[in-house]
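The lines below spell out each chain.
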Amino acid sequence: MTTTAHTDTAALALGDDALVLSHRLGEWMGHAPVLEEEVALANIALDLLGQARILLSMAGDEDDLAYLREERAFRNLQLVEQPNGDFAHTIARQLYFSTYQHLLYDRLATGGGPFAGLAAKAVKEVAYHRDHAEQWTLRLGDGTDLSHERMRRACEALWRFTGEMFQPVEGVGIDLTGLETPWLESVAAVLGRAGLETPGGPRAGAWRAGAGRQGLHTESFGRMLAEMQHLHRSHPGASW
C-alpha cells in the first residue's frame, strides 16, 4: 500500500531528476554546435521542467523545493547531474536517461497510481527525447573517427552511474529492477547500430559509494546548484 509519505518520496526523486537534467540541458543555450540543436535541447529542457513542476508540487511548494533546499536534500540520480562535457557526453547522458525514463513512464501510465496521469502525458514527450538521443548516438558513433572516439569515451565515462536508476524508490508503485533488462537490451541495440561496444565496467559503483537517491552527490552538483539557486536566494520574496 502506497502512503502519502511514500508518494512524496517518489515525487521528489522523479521531480529532482527532471529538474536537474533540465538545468543541465539549459546550460547549452548559446553553446550548442548548431542552431537547430539549440532549439531541440531547449525544448527537451522545457519538457523536463514541466514534469519537474508537477512532480515537485505533489510533494510541497515547487519553488521552495527547487530553490531553498540544500544539496543533501536533493534526491536526483547522480547520472543527471553530470556536467555536459562535449556534445557526445551530453548525448550519452541523454541516451541512458531518456531510455530509462521512457520505460518508466510507459509502465507508470498503465499502473493507475498517483503518477499515472503525468506519465500518460509525459511518455509522449520522452519518446521524442529518446529518439533524439538515439539518432545522435548513431550519427556520432557511425560518423568520423573523432566523433566515434568521443562517443565511445562518453558512453564509458557515464556507464558507472547507470546502475542507480534501477534501485528501489518507495512510492513509485512499480518494480524498478524490472526495467533493467529492457533498458540494457535497448541501449546495447542502439550502441551496436552505431558501431559502439556496450561498456563492460561496473554499473553499481556509484550506488555502493552512496548515491543521489540518498542525498549524496558528485562534486559538480554543488556548483550547479549554487548557480541555479543564486537569483532566488539573492532576492528572497521578489516577484515579477
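Predicted, not measured: the structure shown is a model, and the values here were computed from it. (Residues numbered from 1 in each chain as written. Predicted model: local features only at pLDDT ≥ 70, side-chain atom pairs only at ≥ 80, totals over all residues. Heavy atoms only, no water.)

> I'd like to hear about the overall build of the protein, residue by residue, with values.
A tally of regular secondary structure across the protein gives nine helices and zero strands. Reading the protein from its N end, one meets helices and strands in the order α-α-α-α-α-α-α-α-α. Relative to the globule expectation of 18 Å for 240 residues, the C-alpha radius of gyration of the protein, 17 Å, shows essentially globular dimensions. In terms of principal-axis extent, the alpha carbons of the protein reach across some 50 × 40 × 35 Å. Within the protein, the fraction of its 240 residues that count as buried is 50%. Relative to all contacts within the protein whose residues are 6 or more apart in sequence, the contacts with residues 24 or more apart total 80%. For the protein, the computed accessible surface area is about 11,200 Å², with 53% contributed by carbon and sulfur atoms. (Helix = DSSP H or I, 4+ residues; strand = E, 2+ residues; numbered from the N terminus. Rg over C-alpha atoms; globule rule 2.2 N^0.38 Å. Buried < 20%, exposed > 50% of the residue type's maximum accessible area, 1.4 Å probe, protein only. Contact = heavy atoms within 4.5 Å. Areas by Shrake-Rupley, 256 points an atom, 1.4 Å probe, with all protein chains shown as cover.)

> Could you give an account of the pattern of salt bridges, naming the residues involved and the relevant values?
Charged atoms that come close allow side chains of opposite charge to pair. Across all of its chains, the model carries 10 salt bridges by this definition. For Arg153, the salt bridge is made with Glu149, and the minimal N-O distance between the two is 3.7 Å. Taken together, the residues span about one helical turn, with Arg153 and Glu149 both in helix 6 (residues 145-159) at a distance of four residues. Where salt bridges share partners, they join Glu149, Arg152, Arg153 and Glu156 into one cluster. (Salt bridge = Lys/Arg side-chain N within 4 Å of Asp/Glu carboxyl O.)

> For helix 7 (residues 180-193), give the residues involved together with the corresponding values.
Spanning 14 residues, helix 7 covers 20 Å between terminal C-alpha atoms, matching the ideal 20 Å at 1.5 Å per step. When we look at burial in helix 7, the residues that qualify are Trp183, Ser186, Val187, Val190 and Leu191. On an axial view of helix 7, the arc spanned by its buried residues comes to 130°, and they lie on one face. With respect to the buried face of helix 7, the exposed residues turned more than 90 degrees away are Glu185 and Arg193. (Expected span 1.5 Å × (residues − 1). Arc of directions from axis to C-beta.)

> Please provide a residue-by-residue account of the environment of Ala120, values included.
Mapped onto the secondary structure, Ala120 falls in helix 5 (residues 116-141). Of the residues examined, Ala120 reaches a relative accessible area of 36% and is grouped as partly exposed. Along the primary structure Ala120 and Leu104 are separated by 16 residues, whereas in three dimensions their C-alpha atoms are 11 Å apart.

> Go over the packing of aromatic side chains, please, and point to the residues and values.
On inspection of all chains with the given rule, the structure shows nine aromatic pairs. Between Phe97 and Tyr100 the ring centres are 5.8 Å apart and the planes differ by 50°, which places this aromatic pair in the tilted class. One end of the pair is Phe97 and the other is Tyr100, both in helix 4 (residues 87-109) and three residues apart, which spans about a single turn. No difference in accessibility class separates Phe97 from Tyr100, as the two residues are buried. Site record: aromatic cluster; members linked through ring pairs are Tyr96, Phe97, Tyr100, Trp159, Phe166 and Trp183. Its end group placed over the ring of Phe74, Arg69 keeps NZ or CZ at 4.0 Å from the ring centre. Positioned over the ring face of Trp136 is Arg139, at 4.0 Å from the centre of the ring. (Phe/Tyr/Trp six-rings, centres within 6.5 Å; stacked < 30°, edge-to-face > 60°. Lys NZ or Arg CZ within 6 Å of the ring centre and 35° of its normal.)

> Residue-level account of the nonpolar core, with values.
Tyr96, Tyr100, Leu104, Tyr105, Leu108, Met151 and Trp183 are the most contacted members of the largest nonpolar core, which totals 69 residues. Listed by contribution, the elements that provide at least two residues to this core are helix 1 (4-26), helix 2 (35-59), helix 3 (62-67), helix 4, helix 5, helix 6, helix 7 and helix 9 (219-234). Here this core gets 12 residues from one element, more than from any other, and that element is helix 4. (Core = buried A, V, L, I, M, F, W, Y, C linked by side-chain atoms within 4.5 Å.)

> Run through the packing of helix 5 against helix 6, naming residues and quoting values.
Two numbers describe how helix 5 lies on helix 6: the axes approach to 7 Å, and their chain directions differ by 125°. In terms of their interaxial angle, helix 5 and helix 6 are classed as oblique. Residue-level contacts link Thr137, Arg139, Leu140 and Gly141 of helix 5 to Ser147, His148 and Met151 of helix 6. Grouping the constituent residues of the contact of helix 5 with helix 6 by class yields two nonpolar, four polar and one charged. (Axes fitted to C-alpha atoms, helices over the stretch in contact; angles between N-to-C directions. Parallel < 35°, antiparallel > 145°, perpendicular 65-115°, else oblique. Nonpolar A, V, L, I, M, F, W, Y, C, P; charged D, E, K, R; others polar.)

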